Amino acid sequence: MPTYKAPLRDIRFVMDEILDFPAHYAQLPNGEEASPEIIGAILEEGAKFAEEVLTPLNQSGDTEGCQYNDGEVTTPKGFKEAYKQFVEGGWPSMTQDPNYGGQGLPQSLGMVLNEMICSSNLSWGMYPGLSHGAMDALQHHGTEEQKQTYLSKMIEGSWTGTMCLTEPHCGTDLGLIRTKAEPQADGSFSISGTKIFISAGEHDMSDNIVHLVLAKLPDAPEGSKGISLFIVPKFTPDANGEPGERNGVQCGSIEHKMGIHGNSTCVMNFDDAKGYIIGEPNKGLSYMFVMMNAARIGVGIQGLGLTEVAYQNSLAYARDRLQMRSLNGPQAPEKPADPIIVHPDVRRMLLTQKAFAEGGRALIYYTAQLIDQVSAGGEDAKDADDLLGLLTPIVKAFLTEAGFESTNQGLQCFGGHGFIHEWGMEQFVRDSRITLLYEGTTGIQALDLLGRKILMNQGESLRKFTKQVHKFCQAEEGNEELTALIAPLAKANKEWGDITMQIGMKAMQNRDEVGAASVDYLMYSGYVTLGYFWAKAAKVAQDALAAGTTEEAFYKGKLATAQFYFSKLFPRTQALAATIAQGGDSLMAMDDEQFGAGFEI
Ligand SMILES: Cc1cc2nc3c(=O)[nH]c(=O)nc-3n(C[C@H](O)[C@H](O)[C@H](O)COP(=O)(O)OP(=O)(O)OC[C@H]3O[C@@H](n4cnc5c(N)ncnc54)[C@H](O)[C@@H]3O)c2cc1C
């Protein structure tokens, strides 16, 4: 069975040494709450919960899956009890508004906890994860009464939340939704329609489930401009705010799927269900974006979590498994063969995972700081929001693509044993596959990055980020030990702007050029962004070693991984730049008949 140990030393490295979280918290209005003692307790207790409670349920949850019986869903053995423990520990309220029972800690601390949850049990983590997004939407756009009624229960953890967007005929294009909302005399709405693929739509872990549902009013404008957002509780709250009458929303079935078997993916039928509008009519999609942006970063964290756990398990295996001798002669002559970690190709696979995990952690924790700054308001909020907007699709898509590559590399280290269920590595691959799909596929994130976040604001957000990278590279220009990192980073950082301009010019003639370049462009952006954080990590490690640290292995490992990243992964930017430069002609040249020539379907 796979194991998991929370990487607390590396979490500390990112928080204290690369990103200076103490200084960051000192500038936040709620930063005082995040005292060193509190942070220490969250890390220690969060790690314990992830390692001791969630990890042992991961493989059994996958094997058992969720069970559906006449509208009710039973989660795998132990899930419910783990959730109870999570609630008793006060975890759901950690970063929520004290006015509704929250502890008011900065959001970033919740994201650190979330990483550990995603590594230890992704399926379980999605139950509180979905609630978190729903709480964000209510916090920002709910009325005082809605907050008192629903938010406080979700903060307490006794009720959970969902987001109900997808319908059988529409996922990406939400403008097509058909779920209807008819106004009622009492000010509520009657909601009817079918939603599919609703994560945590029905389960046995909480007393009530609060569905946030996108639907259309009778006179709504066509397309995405006519979408409104509604609260539809499973049980309508009674006069005391407790679960009352059963509402007209039922789980019709659950999906049998490739991975995340412990999380229920539900068809939800709304049949004259009582709903309550959030905010103004026809503005639902923009409200839902609050939830989706948080959820997108959350999915990036899932990519990171799976990368980390795949790395830990494949490393342990590679140290233990004896096969063949090193090409340079026996490295463990006392054994019948060398451990496979001596082989360069196995080291490539291990280092790829390590580089994505530790670089990804720095990137995500940086976005966590931006989220704190945006929530705090103040003079930095606008810049932080621009940077967050830019980095969100990169975090979501690049780190999940990296997560899928990493879990595959982790499996590959096990040889044939990786393909066998009991080792647990194939579960990580299966579980990670969904992260590239939900919350907007990689293709959709790429369009968001290049179209909305960069070209539509004339590259302003991009320049804010590349300026930071440029400043760092300039400061380290004379740092000879790090030249192999800094020089390619500085070059690619400049090229990033040039490539953007070139695509922008081509797009003026043909809009398809944006779509043709977008995924390669997103991956290019991801490698440069991670390169920046790896270069920063290398600089911190260099300084620590120069100062005579007692943790030589840790810091030398950082430098070696940074060097690996720049020599083996970063050069992928060159191939991506070359394919982007080719434009979209070869994609668009073929007509429909040519696609299908030679066979009939
Ligand atoms: C396990 C699971 C859990 C989920 N949880 C939830 C949930 O809790 N709530 C919820 O509402 N939904 C949920 N979803 C739905 C998920 O978000 C959608 O499946 C996803 O957004 C893609 O939509 P789709 O499946 O309809 O694909 P489609 O939109 O049909 O897309 C098909 C393909 O076309 C591509 N494509 C579409 N449009 C474009 C374009 N303009 N340019 C380029 N490429 C394009 C896509 O990238 C994709 O590769 C879940 C799905 C799964 C499988």
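Structure's up top.
Residue positions within a chain follow its written sequence, with the count starting from 1. Reporting of local features is limited, given that this is a predicted model, to residues whose pLDDT is at least 70; pairs of side-chain atoms are given and counted only at 80 or more, and all residues count toward the totals for whole chains, interfaces and linings. In computing side-chain values, all of the structure's heavy atoms are included and hydrogens and water are not.

**Some details on the site of the ligand**
Link 1 in the chain: A cutoff of 4 Å decides nearness: a residue is near a molecule or strand if any of its heavy atoms lies inside that distance of it. In the vicinity of the ligand lie 18 residues, with Thr166, Thr172, Phe197, Ser199 and Thr441 positioned nearest.
Link 2 in the chain: Counting of polar contacts relies on pairs of N or O atoms within 3.5 Å, with two restrictions inside protein: one atom must be capable of donating a hydrogen and the other of accepting it, and residues adjacent in sequence are counted only when both atoms are side-chain atoms. Between a nitrogen atom of the ligand and a main-chain N or O atom of methionine 163, the distance comes to 2.8 Å.
Link 3 in the chain: Here an oxygen atom of the ligand sits 2.6 Å away from a polar atom, N or O, in the side chain of threonine 441.
Link 4 in the chain: Only the protein chains shown count as cover for residues, and the accessible areas themselves come from Shrake-Rupley with a 1.4 Å probe. Here the ligand has 980 Å² of accessible area as a free molecule, and 61% of this is covered by the chains.
Link 5 in the chain: Numbering of helices and strands runs from the N terminus, with a helix taken as a DSSP run of H or I at least four residues long and a strand as a DSSP run of E at least two residues long. When residues in the shell around the ligand are grouped by element, the largest group, three residues, is from strand S5 (residues 189-199).

**A look at the nonpolar core**
Link 1 in the chain: The nonpolar core is taken to be a set of buried Ala, Val, Leu, Ile, Met, Phe, Trp, Tyr and Cys residues, with the residues joined through side-chain atoms within 4.5 Å. When accessible area is computed with a 1.4 Å probe and restricted to protein chains, residues below 20% of their type maximum are described as buried, those above 50% as exposed, and intermediate ones as partly exposed. Core analysis: the biggest nonpolar cluster contains 182 residues, and Trp124, Phe465 and Tyr521 have the highest contact counts within it.
Link 2 in the chain: With 18 residues, the single largest contributor to this core is helix H15 (residues 512-546).
Link 3 in the chain: Between two residues, a contact is recorded if the distance between any of their heavy atoms is within 4.5 Å. Apart from the residues within four sequence positions on either side, tyrosine 521 is in contact with Leu449, Leu450, Ile454, Leu462, Trp496, Ile499, Thr500, Ile503 and Ile580.

**A few points about empty space enclosed by the protein**
Link 1 in the chain: A 1.4 Å probe that fits into a set of points on a 1 Å grid over the protein atoms alone but cannot get out defines a cavity; an open set with protein on both sides within 12 Å along at least five of seven lines defines a pocket, and lining residues are those with an atom within 4 Å of a point. Grid points are joined across faces, edges and corners, and a volume is the space filled by probe spheres set on the points. For the structure on display, the rule yields three cavities of 30 Å³ or more.
Link 2 in the chain: Looking at the largest cavity, its volume works out to about 60 Å³.
Link 3 in the chain: Forming the boundary of the largest cavity are Met1, Pro2, Thr3, Tyr4, Thr55, Asn58, Gln59, Ser119, Ser120, Val309 and Phe428.
Link 4 in the chain: Those elements that place two or more of their residues in the lining of the largest cavity are helix H3 (36-64) and helix H5 (107-120).
Link 5 in the chain: Ranked by residues supplied to the lining of the largest cavity, first place goes to H3 with three residues.
Link 6 in the chain: Its residues assigned to classes, the lining of the largest cavity comprises five nonpolar, six polar and no charged. The residue classification treats Ala, Val, Leu, Ile, Met, Phe, Trp, Tyr, Cys and Pro as nonpolar and Asp, Glu, Lys and Arg as charged. All others, Gly included, are polar.

**Some words on helix H1 (residues 8-18)**
Residues spaced three or four apart along an α-helix point in a common direction, a consequence of the helix completing one turn every 3.6 residues.
Link 1 in the chain: All of the buried residues along H1 are Asp10, Ile11, Phe13, Val14, Met15 and Ile18.
Link 2 in the chain: Looking at the buried positions of H1, the neighbouring elements they touch are helix H2 (21-26), H3, H5, helix H9 (344-376), H15 and helix H16 (552-569).
Link 3 in the chain: Taken from the residues just after H1, aspartate 20 is the one with a positive phi, measuring 45 degrees.

**Some words on the layout of surface pockets**
Link 1 in the chain: Empty space within the second largest pocket amounts to approximately 410 Å³.
Link 2 in the chain: Forming the boundary of the second largest pocket are 19 residues, of which Pro7, Glu308, Tyr311, Lys354 and Glu358 lie nearest the centre.
Link 3 in the chain: At the level of secondary structure, the elements contributing two or more residues to the lining of the second largest pocket comprise H1, helix H8 (284-320), H9 and H16.
Link 4 in the chain: Residues belonging to the lining of the second largest pocket are distributed by class as follows: eight nonpolar, three polar and eight charged.

**Some points on the pairing of strand S9 (residues 243-246)**
A regular strand carries its side chains on alternate faces of the sheet.
Link 1 in the chain: A strand pair is defined by DSSP finding two or more bridges across the two strands. One ladder, built from two bridges, connects strand S8 (residues 235-237) with S9; its direction is antiparallel. Counted as the bridge partner of proline 237 is proline 243 from S9.
Link 2 in the chain: Once S8 ends, the chain turns through five residues before running back antiparallel as S9, passing glycine 241 with a positive phi of about 80 degrees.

**Some words on the pattern of salt bridges**
Link 1 in the chain: A pair is scored as a salt bridge if a Lys or Arg side-chain nitrogen falls within 4 Å of a carboxyl oxygen belonging to Asp or Glu. Scanning the entire structure with this criterion turns up 32 salt bridges.
Link 2 in the chain: Glutamate 308 serves as the salt-bridge partner of arginine 361, at 2.9 Å between the closest nitrogen and oxygen. With arginine 361 in helix H9 and glutamate 308 in helix H8, the pair connects residues that are 53 residues apart, well separated along the chain.
Link 3 in the chain: Note on arginine 361: relative accessible area 0%, which makes it buried.
Link 4 in the chain: Salt-bridge contacts for lysine 464 lead to aspartate 386; the nearest nitrogen and oxygen are separated by 2.5 Å. Of the two residues, lysine 464 sits in helix H13 (residues 460-475) while aspartate 386 sits in helix H10 (residues 381-413), which places them 78 residues apart along the sequence.

**Some points on the environment of leucine 113**
Link 1 in the chain: Relative to the helices and strands, leucine 113 resides in helix H5.
Link 2 in the chain: Looking at leucine 113, the relative accessible area reads 6%, which means it is buried.
Link 3 in the chain: In this structure, leucine 113 is in contact with Gly46, Phe86, Trp91 and Met94, ignoring residues within four places of it in sequence.

**Comments concerning the packing of H15 against H16**
Link 1 in the chain: Structural elements are reduced to axes, namely lines fitted to C-alpha atoms, with helices fitted over the stretch in contact, and the angle between N-to-C directions of any two is expressed from 0 to 180 degrees. Contact geometry for H15 and H16: axes closest at 9 Å, N-to-C directions at 150 degrees. Considering their axes alone, H15 and H16 lie roughly antiparallel with respect to each other. The element H15 and its partner H16 pack so that their crossing is left-handed. Facing Gly526, Tyr527, Leu530, Gly531, Trp534, Ala535, Ala538, Ala541, Gln542, Ala544 and Leu545 of H15, the residues of H16 in contact are Glu552, Tyr555, Lys556, Lys558, Leu559, Thr561, Ala562, Tyr565, Phe566 and Leu569.
Link 2 in the chain: Of the residues belonging to the contact of H15 with H16, the class tally is 14 nonpolar, four polar and three charged. For classification purposes, angles smaller than 35 degrees are called roughly parallel, those larger than 145 roughly antiparallel, those between 65 and 115 roughly perpendicular, and all remaining angles oblique. The sense of a crossing depends on the near helix, which, turned anticlockwise from the far helix by less than a right angle, makes the crossing left-handed and, turned clockwise, makes it right-handed.

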